[in-house]
Amino acid sequence: MPPEDAYTATPFLPARGGLPALGKAAAACRGCPLHRDATQTVFGTGKATARVMLVGEQPGDQEDRQGTPFVGPAGHLLDRALADAGIDPAEAYLTNAVKHFKFTRAEPRKRRIHKAPTLREATACSPWLAAELKTVKPELLVVLGATAGKALLGSSFRVTRVRGTLLEEEIHGRPQRLVATVHPSAVLRSDDREAAYQGLVSDLKTAARALE
């Protein structure tokens, strides 16, 4: 049976090492079928000493091409929102619940259109996120959007119910403070982008206060 049919990244995790070892091992991950169409694995980026970890859904088109999370339009908006909320983007660790870009095309050679990963795909990728949390040990987790929230907290998670609230939950076996908010791509899709942006900044200010 091909390893991707097992839907788990666990066999690909290194036995030891920090973030560089994890990133190198993740580049060879075949733990679910998403690796087949993606350009490359997009692992997390940032310092192992980061106080805050931000978790999004999955890489987008630009992230897939460049191999770094949050470098597309949503990432640029997130950097601005973090700065407006009083959090230095350079001091944060950025990652995604799913490390490969899932997409569809209306026609061959046409633009690649984001497609939400399934819970099964997010669960398959969860050993990488668990390893990142164990290595970084952030003081605070910022959950960006519903897919990331469900990957970390289960299928009953609803970002609209808890956004902007400081919570404490057990995640991958350790107590973790967290703040949930919308994914920055939702701001870009909003009919009232300014109001959506200010809502994102307001939620991130809760995170900033929790780090004081």
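Residues numbered from 1 in each chain as written. Predicted model: local features only at pLDDT ≥ 70, side-chain atom pairs only at ≥ 80, totals over all residues. Heavy atoms only, no water.

**So, the packing of helix H1 (residues 19–26) against helix H4 (residues 119–136)**
Closest axis-to-axis distance for the H1/H4 pair is 10 Å, and the angle between their directions is 170°. Judged on the interaxial angle alone, H4 and H1 are roughly antiparallel. On the side of H1, the interface is formed by Leu-19, Leu-22, Ala-25 and Ala-26, while H4 contributes Trp-128, Ala-131, Glu-132, Thr-135 and Val-136. Here the contact of H1 with H4 is composed, by residue class, of seven nonpolar, one polar and one charged. (Axes fitted to C-alpha atoms, helices over the stretch in contact; angles between N-to-C directions. Helix = DSSP H or I, 4+ residues; strand = E, 2+ residues; numbered from the N terminus. Parallel < 35°, antiparallel > 145°, perpendicular 65-115°, else oblique. Contact = heavy atoms within 4.5 Å. Nonpolar A, V, L, I, M, F, W, Y, C, P; charged D, E, K, R; others polar.)

**What to know about the pattern of salt bridges**
This model, assessed by the stated rule, comprises 10 salt bridges. Here Glu-4 makes a salt bridge to Arg-36, at a shortest N to O gap of 3.1 Å. Of this pair, Glu-4 sits in the segment before H1 while Arg-36 is found in the loop between H1 and strand E1 (52–56), placing the two residues 32 residues apart along the sequence. Across the pair Asp-64 and Arg-112 runs a salt bridge, and its minimum N-O distance is 2.9 Å. Remark: Arg-112 occurs in the loop between strand E3 (103–104) and strand E4 (113–114) and Asp-64 occurs in helix H2 (residues 61–66); sequence separation between them is 48 residues. Judged by relative accessible area, which is 0%, Asp-64 ranks as buried. Because the salt bridges share partners, they merge into one network encompassing Asp-61, Asp-64, Arg-65 and Arg-112. (Salt bridge = Lys/Arg side-chain N within 4 Å of Asp/Glu carboxyl O. Buried < 20%, exposed > 50% of the residue type's maximum accessible area, 1.4 Å probe, protein only.)

**Some details on H4**
Taking 1.5 Å of rise per residue, the 18 residues of H4 would be expected to cover 26 Å, and the 24 Å separating its terminal C-alpha atoms lies within 8% of that figure. Turning to H4, its buried residues are Glu-121, Ala-122, Ala-124, Cys-125, Ser-126, Pro-127, Trp-128, Leu-129, Ala-131, Glu-132, Leu-133 and Val-136. A positive backbone phi angle near 50° is found at Lys-137, which sits one or two residues after H4. (Expected span 1.5 Å × (residues − 1).)

**Overview of the UniProt feature "domain: Uracil-DNA glycosylase-like" (unreviewed entry) in the protein chain**
In the numbering adopted here, UniProt assigns the feature "domain: Uracil-DNA glycosylase-like" (unreviewed entry) to residues 43–205. Secondary structure content for residues 43–205 is 42% helix and 20% strand, and the end C-alpha separation is 26 Å. (UniProt positions renumbered as here; feature names shortened; annotations may be inferred.)

**Focus: the pairing of E1**
The buried count for E1 comes to five of five residues, which makes it a mostly enclosed element. In terms of strand pairing, E1 meets strand E2 (residues 92–96) through five bridges, oriented parallel. When the sheet's bridge partners are listed, Val-52 is paired in E2 with Ala-92. Bridge count between E1 and strand E5 (residues 140–144): four bridges; the pairing is parallel. Along E5, the bridge assignment pairs Met-53 with Leu-141. (Pairing = 2+ DSSP bridges.)

**Considering the side chain of His-35**
Residue position: His-35 is located in the loop between H1 and E1. Sequence-distant contacts of His-35, that is, excluding residues within four places in its chain, are made with Glu-4, Cys-29, Arg-30 and His-100.

**Topic: the nonpolar core**
Counting 27 residues, the largest nonpolar core has Met-53, Val-55, Tyr-93, Trp-128, Leu-141, Val-143 and Leu-152 as its most contacted members. Among the secondary structure elements, those contributing two or more residues to this core are H1, E1, H4, E5, helix H5 (146–153) and strand E7 (174–181). If one sorts the elements of this core by residue count, H4 sits on top with six residues. Apart from the residues lying within four places of it in its own chain, the contact partners of Tyr-93 are Leu-19, Phe-43, Gly-44, Thr-45, Gly-46, Lys-47, Ala-50, Val-52, Met-53, Leu-54, Glu-132 and Val-136. Counting 25 residues, the second largest nonpolar core, distinct from the first, contains Val-52, Ala-81, Val-179 and Ala-207. (Core = buried A, V, L, I, M, F, W, Y, C linked by side-chain atoms within 4.5 Å.)

**Some words on the sheet that holds E7**
Strand pairing in a sheet relies on backbone hydrogen bonds. The paired strands run either parallel or antiparallel. If you walk across this open sheet you meet the five strands as E2-E1-E5-E7-E6, and the pairing is mixed. Lying at the two open borders of the sheet, with one neighbouring strand each, are E2 and strand E6 (166–171). Pairwise comparison of adjacent strand axes, ignoring direction, gives a mean angle of 30° for this sheet. Running at roughly 130° to E5, H5 makes contact with E1, E5, E6 and E7 of the sheet.

**Brief notes about the packing of helix H3 (residues 73–85) against helix H8 (residues 193–210)**
One can describe the packing of H3 onto H8 by two numbers: an axis separation of 8 Å at closest approach and a directional angle of 55°. On the basis of their axis angle, the class for H3 and H8 is oblique. Considering the relative orientation of H3 and H8, their crossing is right-handed. Contacts between H3 and H8 pair Leu-77, Leu-78, Arg-80, Ala-81, Leu-82, Asp-84 and Ala-85 from the former with Tyr-197, Leu-200, Val-201, Leu-204, Lys-205 and Ala-208 from the latter. Across the contact of H3 with H8, the residue classes break down as 10 nonpolar, no polar and three charged. (Left-handed = near helix turned anticlockwise from the far one by under 90°.)

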